[in-house]
Amino acid sequence: MPDRFDIRIETAPDRSLVSLRVSRQAAGDAVRRLDLAPPLCTAGEDPQSLWLGPDHWLLVGRRQPASAMIERCATGLAGLLHNAVDQSAAYSVLRIEGRRAREVLAAGSGLDFREQSFSRGGCRPTRLAQIAAVIVAAGTDAFELYVDRGYAKYLHDWLEDSLAIANAAAEPM
Amino acid sequence: MLRIPCPFCGDRDEAEFRCGGELPREIPQPGVDDDAWSDYLFNRDNPKGLVHERWCHSFGCNQWFNVVRDTVTHRIHAVYRPGEPRPALDGPCATAAKSGG
């Protein structure tokens, strides 16, 4: 029986997104003050922070608006050079979960998707199916893919095709 | 496809990066003549062997860093961050003799 997995696409207002950049000099202080994610990881629940670089994070809010997260940055990072911008309309978030999720993603990227290398709480800004994507491991076989909003349908179609190929390859000859 | 060790993200496929070309020598001081300035802008050593070049991890952390790559074998010998001194490495002949593939 071929695997199916659930692909859900979430965009604002389901999630609020804030892009936070800090000056290189301030990055260490900012990480301590706001408990920002270390390299290649996520941190926190709501807001959750996704590591995008040594001075750049994406803050994800599930039950609060972007304005609340921006205000939290302003107070928490007072005196540190930073900017926090609402990016809720910029991204689509696709969530995939299922037994073949790792195999399907590996078909579009050179990352190591094995559990021991990419486990829950991992965050990889990378290239997937030719487009820029931030891949977050949300569970054992669950991933969230943050892509530019206009690529949501393209990536949804690519995931469906990739799963069909993985299923066909697994069929007995 | 090269595998490039980003100093922030680890080994990634070449397709995640943008090559910034050979690292120029020091930027000239203000007030140098046109010949010196144009030499800085347009001339590069283009060695057969180890080259110091800049790469940007465009699809990842978006950081620039420097790579020492052998232009004959494509083997990457060292990675260092902008502003750090160039690593002291053997010349191309010595490296080729040791590398063994």
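The rules we used
- Residues numbered from 1 in each chain as written.
- Chains lettered and ligands numbered in written order.
- Predicted model: local features only at pLDDT ≥ 70, side-chain atom pairs only at ≥ 80, totals over all residues.
- Helix = DSSP H or I, 4+ residues; strand = E, 2+ residues; numbered from the N terminus.
- Buried ≥ 20, exposed ≤ 12 C-beta atoms within 10 Å, placed from the backbone.
- Contact = placed C-beta atoms within 7 Å.
- Domains from an automatic or database assignment.
- Pairing = 2+ DSSP bridges.
- Core = buried A, V, L, I, M, F, W, Y, C linked by C-beta atoms within 7 Å.
- Arc of directions from axis to C-beta.
- Axes fitted to C-alpha atoms, helices over the stretch in contact; angles between N-to-C directions.

Engineer: Could you clarify how one ought to interpret the overall build of chain A in this entry?
Structural biologist: When you go through chain A residue by residue, the secondary structure sums to four helices and ten strands. Start at the N end of chain A and walk to the C end: the helices and strands fall as β-β-α-β-β-β-α-β-β-α-β-β-β-α. For chain A, the proportion of its 173 residues judged to be buried stands at 33%. Partitioning the contacts of chain A with sequence separation of at least 6, the portion at a separation of at least 24 is 63%.

Engineer: I keep staring at the environment of Leu155 of chain A and nothing clicks. Help me out?
Structural biologist: Residue and element names in this part refer to chain A. The residue Leu155 is located in helix H4 (residues 152–170) in this model. Taking the number of C-beta atoms within 10 Å as the measure of exposure, Leu155 has 23 and is therefore buried. A sequence separation of 115 residues divides Leu155 from Leu40, and the C-alpha atoms of the two residues are 22 Å apart.

Engineer: I keep staring at the domain arrangement of chain A and nothing clicks. Help me out?
Structural biologist: Accessible area lost during the coming together of the parts is what is often quoted as the interface size. All names here are of chain A. Looking at chain A, the domain boundaries give domain 1 (6–10 + 90–170) and domain 2 (16–86). Taken over C-alpha atoms, the centre of domain 1 sits 24 Å from the centre of domain 2. Counting residues at the interface gives nine residues for domain 1, matched by nine residues for domain 2. Of all elements in the fold, only strand S8 (123–128) and strand S9 (131–137) reach the threshold of two or more residues within the side of domain 1 that touches domain 2. Here the side of domain 1 that touches domain 2 takes three residues from S8, the largest share from any one element.

Engineer: Could you clarify how one ought to interpret the sheet that holds strand S3 (residues 42–43) of chain A in this entry?
Structural biologist: Residue and element names in this part refer to chain A. One open sheet accounts for five strands, arranged S3-S4-S5-S2-S6; its pairing is antiparallel. Only two strands of the sheet have a single neighbouring strand rather than two, namely S3 and strand S6 (82–86). Pairing of strand S2 (residues 16–22) with strand S5 (residues 56–61) involves six bridges; the strand directions are antiparallel. The partner of Leu17 across the bridge, within S5, is Val60.

Engineer: Would you explain the nonpolar core in this entry?
Structural biologist: Within soluble globular proteins, side chains that are nonpolar tend to cluster in buried spots. Core analysis: the biggest nonpolar cluster contains 47 residues, and Leu50, Trp57, Leu58, Val134 and Leu145 of chain A have the highest contact counts within it. No other element matches S9 of chain A, which puts five residues into this core. Taken together, domain 1 (6–10 + 90–170) and domain 2 (16–86) of chain A each give at least three residues to this core, which thus spans both. In this view, Val134 of chain A contacts Leu50, Leu52, Leu58, Cys123, Pro125 and Tyr146 of chain A; residues no more than four positions away in its chain are not counted. Of all hydrophobic cores here, the second largest spans five residues; its members include Ile4, Phe17, Trp55 and Phe65 of chain B.

Engineer: Help me understand helix H2 (residues 66–76) of chain A, please; the structure alone is not making it clear to me.
Structural biologist: Every α-helix carries 3.6 residues per turn, so stepping three or four residues along brings you back to the same face. All names here are of chain A. Those residues of H2 that sit buried are Ala66, Met69 and Cys73. What you see down the axis of H2 is that its buried residues fit within an arc of 65°, all on one side. Within H2, the exposed residues directed more than 90 degrees away from the buried face are Ser67, Ala74 and Thr75. For H2, the secondary structure elements touched by its buried residues are S2, S5 and S6.

Engineer: Teacher, can you tell me more about the sheet that holds strand S4 (residues 50–56) of chain B here?
Structural biologist: In sheet architecture, strand pairing relies on hydrogen bonds along the backbone and comes in two forms, parallel and antiparallel. All names here are of chain B. The four strands are arranged S3-S4-S5-S6 in an open sheet whose pairing can be described as antiparallel. Both edges of this open sheet fall to strand S3 (18–22) and strand S6 (76–80), since each of them pairs with a single strand only. With strand direction ignored, the average angle separating the axes of adjacent strands in the sheet is 30°. As judged from the seven bridges shared by S4 and strand S5 (residues 64–70), these two strands associate in the antiparallel manner. Bridge pairing in S5 places Val51 opposite Arg69.

Engineer: I would appreciate a short explanation of unusual backbone geometry in the present structure.
Structural biologist: Note: most residues except glycine have negative phi, and most peptide bonds are trans. In this chain, Asp46 of chain A is followed by Pro47 of chain A through a cis amide linkage whose omega measures 10°. Turning to its location among the elements, Pro47 of chain A is positioned in the loop between S3 and strand S4 (48–53). A positive phi angle, close to 65°, is found at Leu40 of chain A, a residue other than glycine. Looking at the secondary structure, you find Leu40 of chain A in the loop between helix H1 (27–34) and S3. Take Leu40 of chain A: there are 17 C-beta atoms within 10 Å of it, and that puts it in the partly exposed class. You will see that Asn46 of chain B, though not glycine, has its phi angle at about 50°, which is positive.

Engineer: Help me understand the pairing of S8 of chain A in this model?
Structural biologist: Each regular strand shows side chains that alternate between the opposite faces of the sheet. Residues and elements named next belong to chain A. Judged by how many residues are buried, S8 sits mostly within the fold: six of six residues are covered. A two-sided burial pattern is seen for S8, the buried positions comprising Cys123, Pro125 and Arg127 on one face and Arg124, Thr126 and Leu128 on the other. The pairing of S8 with S9 spans six bridges and is classified as antiparallel. By the bridge assignment for S9, Thr126 is matched with Ala133. With antiparallel pairing between neighbouring strands as the criterion, S8 and S9 make up a hairpin whose turn holds two residues, including Ala129 at a positive phi of roughly 50°.

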